[in-house]
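Listed here are the chains, written in short residue letters.
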Amino acid sequence: MDIIQAIINRAKANKQRIVLPEGREERTLHAADRLIADKVADVILLGNPSEIQTLSEQYHLHHIEKATIIDPVCHEKKAEYIQLLVDLRKAKGMTPEQAAKLVEDPLYLACLMIKKGDADGEIAGASNTTGDVLRPAFQIIKTRPGISVVSGAFLMFLQDRSYGENGVMVFADCAVLPNPNAKELGEIAVATARTARTILGVEPRVAMLSFSTKGSAHDEMTEKVIEATRIAGEMAPDLIIDGELQVDAALVPSIGKSKAPGSPVAGRANVLVFPNLECGNIAYKLVQRLGNAEAIGPILQGMAAPVNDISRGCSVDDIYKMVAICANQAISKQTRI
């Protein structure tokens, strides 16, 4: 897991302000305590300060007092955030009264802090649904310029290091968009390549997957992948991408050479883009369970600033790693990678 340590080290070298809206959630507090102790990020916890202090003592945590703790109900910048939300949502009819109520919701407050420049990224989802996490993110932070959709990528750490980048690959979309059209799929490919470059520090080689390789089958589904590959190539002319490719042609050099001779990706892919969410979600879980791979994510892609939704079944270690990844996303945003 040297890559994960590299991600953590990059976060330590350029500490980012990561807000954790679920400031009273047990796993979140344990992760925050470790993150502060290891100096991975400047942690911001949202919640009643006295309740958080009581829980910190109950869980025998030793570093929570070094976090920035903000009470969503009562803090010095509340009026500023109310006005910001009104300004952002006035076209939708947002009133000051409605905004005053919403800014007390930690998930809304976290996004407003990022929008205002008071935080660099957010991790949530340990006790909230994906819809609850993403709704304020879509309303306040919105998508990255040139990208219209949000998608979810997983870092896959494989037992067999001959695949991908020394056994590490990026799979997408495995978490968000059920059935992207060709334009959306092309955007997902570009966003996933950016994730590989900024989080893993590798040059992405993107395989656009299908049940067909270079015209071996003809169907509207394969045509979508072909068109998405073309669109992604136009969006990012320097991107190493090819499709449509079957997964064996994307991963196995001998098969790639046979099925797609001359392809810059076949047999060498380190990024796999699936044609829809059903395929992506099934694939990453199969590789995780049957191949004993470690899956880290989902890493949300396409947002204008880092907001990541973790599983409600997450572990303390999951939150710790995702904060480090979120910090890397924030660093890349600042350096415009």
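Bear in mind the structure is a predicted one, so any value in this text is a computation, not a measurement. As a convention, each chain's residues are numbered from 1 in the sequence order in which they are written. Per-residue local features of the predicted model are confined to residues with pLDDT of at least 70, and side-chain atom pairs are confined, for both listing and counting, to 80 or more; whole-chain, interface and lining totals are unaffected and use all residues. Side-chain numbers here rest on the full set of heavy atoms in the structure, without hydrogens or water.

### Considering the packing of aromatic side chains
Part 1 of the reasoning: Side-chain rings of Phe, Tyr and Trp, where Trp is taken by its six-membered ring, are said to pair if the distance between their centres is within 6.5 Å; with planes under 30 degrees apart they count as stacked, over 60 as edge-to-face, and otherwise as tilted. All chains considered together, the criterion is met by 2 aromatic pairs.
Part 2 of the reasoning: On the basis of an interplanar angle of 20° and a centroid distance of 3.9 Å, the ring pair of Phe-154 and Tyr-284 is categorised as stacked. Placement of Phe-154 in strand E5 (residues 151-157) and of Tyr-284 in helix H12 (residues 277-290) is noted, with a sequence separation of 130 residues between them.
Part 3 of the reasoning: Using a 1.4 Å probe on the protein chains alone, a residue whose accessible area is under 20% of its type maximum counts as buried, one over 50% counts as exposed, and one in between counts as partly exposed. Looking at Phe-154, the relative accessible area reads 5%, which means it is buried.
Part 4 of the reasoning: On the accessibility criterion, Tyr-284 (10% relative accessible area) is buried.
Part 5 of the reasoning: Each ring is checked for a lysine NZ or an arginine CZ that lies within 6 Å of its centre and within 35 degrees of its normal; such an atom marks a charge sitting over the ring. A cation sits over an aromatic face here: Arg-34 above Tyr-320, 4.1 Å from the ring centre. Helix and strand assignments come from DSSP, with helices taken as H or I runs of at least 4 residues and strands as E runs of at least 2, each series counted from the N terminus.

### A word on helix H3 (residues 49-58)
Part 1 of the reasoning: Of the residues making up H3, those classed as buried are Ile-52, Leu-55 and Ser-56. Along the long axis of H3, the arc covered by the buried residues comes to 105°, so they all point the same way. Across from the buried face of H3, at angles greater than 90 degrees, the exposed residues are Glu-57 and Gln-58.
Part 2 of the reasoning: Should any heavy atoms of two residues lie within 4.5 Å, those residues are counted as being in contact. Buried residues in H3 make contact with helix H2 (26-38), strand E2 (42-46) and strand E3 (68-70).
Part 3 of the reasoning: Within two residues after H3, His-60 carries a phi angle of roughly 60°, on the positive side. Starting at the helix axis, one direction is taken to each C-beta atom, and the arc is that of these directions.

### What to know about the pattern of salt bridges
Part 1 of the reasoning: Any Lys or Arg side-chain nitrogen found within 4 Å of a carboxyl oxygen on Asp or Glu counts as a salt bridge. Applying the stated criterion across every chain yields a total of 18 salt bridges.
Part 2 of the reasoning: Across the salt bridge formed by Glu-104 and Lys-78, the nearest N and O atoms sit 2.5 Å from each other. Linking Glu-104 in the loop between helix H5 (96-102) and helix H6 (106-116) with Lys-78 in helix H4 (residues 78-89), this pair joins segments that are 26 residues apart in sequence.
Part 3 of the reasoning: Where Lys-214 meets Asp-242, a salt bridge forms, and the shortest distance between an N and an O atom there is 2.5 Å. Of this pair, Lys-214 sits in the loop between strand E7 (205-209) and helix H9 (220-235) while Asp-242 is found in strand E8 (residues 240-245), placing the two residues 28 residues apart along the sequence.
Part 4 of the reasoning: Residue class for Lys-214 comes out partly exposed when judged on its relative accessible area of 40%.

### Remarks on the environment of Asn-292
Part 1 of the reasoning: Locating Asn-292 in the fold gives a position in the loop between H12 and strand E10 (294-301).
Part 2 of the reasoning: For Asn-292, a relative accessible area of 54% corresponds to the exposed category.
Part 3 of the reasoning: Considered as a pair, Asn-292 and Gln-246 are 46 residues apart in the sequence and their alpha carbons are 22 Å apart.
Part 4 of the reasoning: Excluding residues that lie within four positions of it along the chain, Asn-292 makes contacts with Gln-159 and Val-287.

### Notes on the packing of H4 against H6
Helices that pack against each other are described as a pair by the angle of their axes relative to one another and the distance between those axes.
Part 1 of the reasoning: The interhelical angle for the contact between H4 and H6, taken along N-to-C directions, is 85°, at an axis separation of 10 Å. When the axes of H4 and H6 are compared, the pair comes out roughly perpendicular. Contacts between H4 and H6 involve Glu-80, Tyr-81, Leu-84, Leu-85 and Leu-88 from the first element and Leu-109, Leu-112, Met-113, Lys-115 and Lys-116 from the second.
Part 2 of the reasoning: Note that Gly is not counted as nonpolar here; it falls among the polar residues with everything else outside the nonpolar set of Ala, Val, Leu, Ile, Met, Phe, Trp, Tyr, Cys and Pro and the charged set of Asp, Glu, Lys and Arg. Split by residue class, the contact of H4 with H6 holds 7 nonpolar, no polar and 3 charged. Inter-axis angles, ranging from 0 to 180 degrees, are taken between N-to-C directions of lines fitted to C-alpha atoms, where helices are fitted over the stretch in contact. Working rule for angles: under 35 degrees goes down as roughly parallel, over 145 as roughly antiparallel, 65 to 115 as roughly perpendicular, anything else as oblique.

### Examining a nonpolar patch on the surface
Part 1 of the reasoning: The patches described consist of residues with a relative accessible area above 30% and no salt bridge, like charges being joined within 9 Å and nonpolar side chains (Val, Leu, Ile, Met, Phe, Trp, Tyr) within 5 Å. Note on areas: these come from Shrake-Rupley sampling with a 1.4 Å probe, and a residue is covered only by the protein chains present in the view. Side chains of Ile-282, Leu-286 and Leu-290 sit close together on the surface and give an oily, nonpolar patch of about 320 Å² of accessible area.
Part 2 of the reasoning: Position of Leu-290 relative to the elements: it lies in helix H12.

### As for helix H8 (residues 182-200)
Part 1 of the reasoning: Residue count minus one, scaled by 1.5 Å, sets the expected span of a helix. End to end, H8 covers 26 Å across 19 residues, agreeing with the expected 27 Å (1.5 Å per residue, within 8%).
Part 2 of the reasoning: Judged by how many residues are buried, H8 sits mostly within the fold: 15 of 19 residues are covered.
Part 3 of the reasoning: Between the side-chain oxygen at the start of H8 and the backbone nitrogen of Lys-183 there is a gap of 3.1 Å, and the oxygen is on Asn-181.
Part 4 of the reasoning: Once H8 finishes, Gly-201 follows within two positions and takes phi at roughly 75°, a positive value. Residues adjacent in sequence count toward polar contacts only when both atoms are side-chain atoms; beyond that, a polar contact is any pair of N or O atoms within 3.5 Å, and within protein one must be able to donate a hydrogen and the other to accept it.

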